[in-house]
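Listed below, chain by chain, are the residues.
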Amino acid sequence: MKFDTIIIGGGLSGLVTGISLAEAGQKCLIISAGQSALHFFSGSFELYGCDGAPLESIAALDATHPYSKLGVEQIGRLAEQVPQFFERMNITLRGSALRNHYRLTPLGVLKPAWLTMDEYVRVESADQMPWSRVAICDIAGFLDFQPDFLASGLAGRGVESKVVTISLPELERLRNNPTEMRATNIAKVLSDDVLVRLAQKINDACGDVDAVLMPTVVGLLEGSAVEQLRRMVDRPVQFVATMPPSVPGIRTQITLRKRFQELGGVYMLGDTAKSGTFDGDRLTSIRTANHGAVEFEADNFVLASGSFFSHGIVASPEHIYEPTLGLDVDAAGERSEWYERNLFKAQPYMTFGVSTDSDFRVRKEGQTLSNVYAVGAVLSGCNPIKEGCGAGVAILTSMHVAHTILK
Ligand SMILES: Cc1cc2nc3c(=O)[nH]c(=O)nc-3n(C[C@H](O)[C@H](O)[C@H](O)COP(=O)(O)OP(=O)(O)OC[C@H]3O[C@@H](n4cnc5c(N)ncnc54)[C@H](O)[C@@H]3O)c2cc1C
């Protein structure tokens, strides 16, 4: 089977790459082993987690960082295209690369963010909250949202909160088995007339507040349920992330996949790329776990297999390696140098990943492969947790590599 481009990994990076190439008419295959970081999504894409202007902090990063390979000018240009890219799938993102805003974490803490989904709380200035009194609307028996933490965080910023707990008989049924009381299961129940009754209960309970804050338990498959609820509640409704699974993250993953498939892309869910056949500096085909001896051929290949979390990079007791194609990795040799004993310090292993040239072409046994690129969390040189750059690196390297392939 022959494609223009084969992408290994169907998370944010793989899908942005695939959609960008398919929009330009390429025939693409995405092979996706399973869940991605989007299933744990906070609702905000981070470019660089600093107060103020992220591009200024990015300009000071060292040469090995993926952002330094892109260059600040290109980052600014690509970042401007990102909201339109997602808007084409009816995913509305608010924010700008010129200045970070803040998202509200489930613990009531403000964190810098680049683009935040429209339904989530977004605060422009950490010194000035947009409300003086809110209702925090919890669901009875839901353990993955802690309104008291949120209320305490808000109180520290001068916002008074009234915690309201809503019960609906349809949700009570989920409580027969506590493991069923998860955000995704609640979202499956909250539609049609149940959503109407939820809105009525919120209106009855919340009273005179500036806004209603809710856990993200609405709109698993599409955003229309969110809009419906917002129309029916007589105060502005804004959402705050729950513990995983992330309802808006899963919706985003489904929406991106649908867009890729509508553009003619082939998405093989639940399959794993296992090995490749090389001819000199070129990868000619790959094999997968489910398709045995079938060779999937392409002109170009993109590795979007994520970091340790998604098994795009693996650590054995002795060494760090890339398991699919045996690519070169940038990692410290000695195990004792992989981590910092102080858990809260920047962990070196977070920066480990595949080694690439300035155009994100990968290397194998010291040789740069001419038709294999890496994008997103599998790349070396950045620490998404300490730097707050995860989605920025994922989206912008994917767009850059798609442009390079299309040149
Ligand atoms: C738990 C978690 C939460 C995060 N939340 C945020 C957030 O809210 N905001 C933010 O800005 N950043 C966040 N990040 C940073 C995150 O890394 C990026 O935002 C981005 O989503 C990474 O996307 P990715 O596609 O590169 O990797 P991943 O999302 O890890 O996706 C890689 C995919 O490749 C698949 N795969 C791996 N190997 C193979 C193979 N051999 N064959 C086929 N498929 C394979 C995996 O199953 C997975 O689906 C988070 C990271 C983690 C780990």
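Residues numbered from 1 in each chain as written. Predicted model: local features only at pLDDT ≥ 70, side-chain atom pairs only at ≥ 80, totals over all residues. Heavy atoms only, no water.

### Examining the sheet that holds strand E3 (residues 44-45)
Reasoning step 1: A sheet is described by the order of its strands in space; here 3 strands give the open sequence E3-E7-E4, paired in antiparallel fashion. The sheet is open, and its two edges are formed by E3 and strand E4 (93-95), each paired on a single side.
Reasoning step 2: In the sheet, E3 pairs with strand E7 (residues 115-117) via 2 bridges, with the strands oriented antiparallel. The partner of Ser44 across the bridge, within E7, is Thr116. (Pairing = 2+ DSSP bridges. Helix = DSSP H or I, 4+ residues; strand = E, 2+ residues; numbered from the N terminus.)

### A closer look at the site of the ligand
Reasoning step 1: Inspection of the region around the ligand gives 32 residues, with Ser13, Ala37, Ser42, Ala273 and Ser310 positioned closest.
Reasoning step 2: Take Ser42: an N or O atom from its side chain is 2.7 Å from an oxygen atom of the ligand.
Reasoning step 3: If the ligand stood free it would expose 990 Å²; the protein chains cover 87% of that surface.
Reasoning step 4: Those elements giving two or more residues to the shell around the ligand turn out to be helix H1 (12-23), strand E2 (28-32), E3 and helix H12 (390-406).
Reasoning step 5: The leading source of residues in the shell around the ligand is H12, at 3 residues.
Reasoning step 6: Here the shell around the ligand is composed, by residue class, of 14 nonpolar, 16 polar and 2 charged. (Near = heavy atom within 4 Å. Polar contact = N/O pair within 3.5 Å; in protein donor to acceptor, adjacent residues only side chain to side chain. Areas by Shrake-Rupley, 256 points an atom, 1.4 Å probe, with all protein chains shown as cover. Nonpolar A, V, L, I, M, F, W, Y, C, P; charged D, E, K, R; others polar.)

### Remarks on the pairing of strand E16 (residues 296-303)
Reasoning step 1: Most of E16 sits inside the fold, with 6 of its 8 residues counted as buried.
Reasoning step 2: Pairing geometry for strand E1 (residues 2-8) and E16, over 6 bridges, is parallel. Bridged to Ile6 within E16 is Phe301.
Reasoning step 3: Pairing geometry for strand E15 (residues 282-288) and E16, over 2 bridges, is antiparallel. Looking at E16, one finds that Ile286 is bridged to Phe296.
Reasoning step 4: Where E16 and strand E22 (residues 367-374) come together, 3 bridges link them in parallel fashion. In the strand pairing of E22, Leu303 is matched with Ala374. (Buried < 20%, exposed > 50% of the residue type's maximum accessible area, 1.4 Å probe, protein only.)

### Some thoughts on the environment of Arg77
Reasoning step 1: With respect to the helices, strands and loops of the structure, Arg77 is situated in helix H4 (residues 72-87).
Reasoning step 2: Placed 319 residues apart in sequence, Arg77 and Leu396 show a C-alpha to C-alpha distance of 9.8 Å.

### Some remarks on the nonpolar core
Reasoning step 1: Grouped together as the largest cluster of nonpolar side chains are 80 residues, with contacts concentrated most on Tyr67, Phe86, Ile395 and Leu396.
Reasoning step 2: Sort the elements by how many residues they give to this core and H12 lands first, with 9 residues.
Reasoning step 3: Residues lining this core come from more than one domain, with at least three contributed by each of domain 1 (2-18 + 265-280 + 298-406) and domain 2 (101-243).
Reasoning step 4: In terms of nonpolar packing, the next biggest core, distinct from the first, is built from 51 residues, Ala135, Phe142, Ile202 and Ala225 among them. (Core = buried A, V, L, I, M, F, W, Y, C linked by side-chain atoms within 4.5 Å. Domains from an automatic or database assignment.)

### Some remarks on a nonpolar patch on the surface
Reasoning step 1: On the surface, Leu107, Val109 and Phe149 cluster together to form a nonpolar patch covering roughly 290 Å² of accessible area.
Reasoning step 2: Along the polypeptide, Leu107 turns up in the loop between strand E5 (101-104) and strand E6 (110-113).
Reasoning step 3: The exposure class assigned to Leu107 is exposed, which follows from its relative accessible area of 51%. (Patch = residues over 30% accessible without salt bridge, like charges linked within 9 Å, V, L, I, M, F, W, Y side chains within 5 Å. Salt bridge = Lys/Arg side-chain N within 4 Å of Asp/Glu carboxyl O.)

### Here we look at the domain arrangement of the protein
Reasoning step 1: As assigned here, the protein comprises domain 1 (2-18 + 265-280 + 298-406) and domain 2 (101-243).
Reasoning step 2: For domain 1 and domain 2, the distance between their C-alpha centroids amounts to 35 Å.

### So, the environment of Arg173
Reasoning step 1: When you line up the elements, Arg173 lands in the loop between helix H6 (169-172) and helix H7 (183-189).
Reasoning step 2: Expressed as a C-alpha distance, the spacing of Arg173 and Thr242, which sit 69 residues apart in the sequence, is 21 Å.

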